[in-house]
Amino acid sequence: QVQLVESGGGLVQAGGSLRLSCAASGRTFKYYGMGWFRQAPGKDREFVAGITYSGVSTSYAGSVKGRFTISRDNAKNTVYLQMNSLKPEDTAVYFCAADYLRLRPAVVDDVLSYDSWGQGTQVTVSS
């Protein structure tokens, strides 16, 4: 199991960039797929991006494809979300999550498949 801590959120103007980081504890991080989700006020938590344990495969929500990039560094127990060309509709609390099914070969995009969650980091994009 891992504990997750997100950082890097903040206030940015539309068109700007932010890089979120998610630091994981423990020695099992390298076995887990990781995902980024977001939740805006009054809305359900939604999938943003995911990456397999090896980093070979990634997946993105259609609304962020081409603007966001997920990556991971297993030596540093960290997963990243680079967000470019930000829009006001990207405003939300962003969460990272770990999928405990070891060595899953594909990214999963549903909330219920993830077992451990960070506390979230606020991203606010002004127009």
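## With respect to the pattern of salt bridges
Stage number 1. Under the definition given, this model contains four salt bridges.
Stage number 2. Here E46 and R38 are joined by a salt bridge, their closest N and O atoms 2.6 Å apart.
Stage number 3. What you see here is one network of salt bridges that share partners, running through R38, E46, R67 and D90.

## Some remarks on the packing of aromatic side chains
Stage number 1. Taken as a whole and assessed by the stated rule, the structure comprises six aromatic pairs.
Stage number 2. Measuring from ring centre to ring centre gives 5.6 Å for F37 and F47, while their planes differ by 75 degrees; the resulting arrangement is edge-to-face. Taken together, the positions of F37 in strand β4 (residues 33-39) and F47 in strand β5 (residues 46-51) put the pair 10 residues apart, joining distant regions of the chain. Each member of the pair, F37 as well as F47, carries the same accessibility label: buried.

## Quick word on the side chain of R38
Stage number 1. Residue position: R38 is located in strand β4.
Stage number 2. A relative accessible area of 6% places R38 in the buried class.
Stage number 3. Polar side-chain contacts of R38 include one of 2.6 Å to the side chain of E46.
Stage number 4. Within the local environment of R38, its side chain forms a polar contact with the side chain of Y94, the two groups lying 2.9 Å apart.

## A look at the sheet that holds strand β8 (residues 78-83)
Stage number 1. If you walk across this open sheet you meet the four strands as β1-β3-β8-β7, and the pairing is antiparallel. Strand pairing shows two members of the sheet lacking a second neighbour, β1 (4-7) and β7 (68-73), which therefore form its edges. Each neighbouring strand pair of the sheet contributes to a mean axis angle of 15 degrees, computed without reference to strand direction.
Stage number 2. Here β7 pairs with β8 via six bridges, running antiparallel. Paired with I70 across the strands is L81, a residue of β8.

Here is what the cut-offs are and how they apply
Residues numbered from 1 in each chain as written. Predicted model: local features only at pLDDT ≥ 70, side-chain atom pairs only at ≥ 80, totals over all residues. Heavy atoms only, no water. Salt bridge = Lys/Arg side-chain N within 4 Å of Asp/Glu carboxyl O. Phe/Tyr/Trp six-rings, centres within 6.5 Å; stacked < 30°, edge-to-face > 60°. Helix = DSSP H or I, 4+ residues; strand = E, 2+ residues; numbered from the N terminus. Buried < 20%, exposed > 50% of the residue type's maximum accessible area, 1.4 Å probe, protein only. Polar contact = N/O pair within 3.5 Å; in protein donor to acceptor, adjacent residues only side chain to side chain. Pairing = 2+ DSSP bridges. Axes fitted to C-alpha atoms, helices over the stretch in contact; angles between N-to-C directions.

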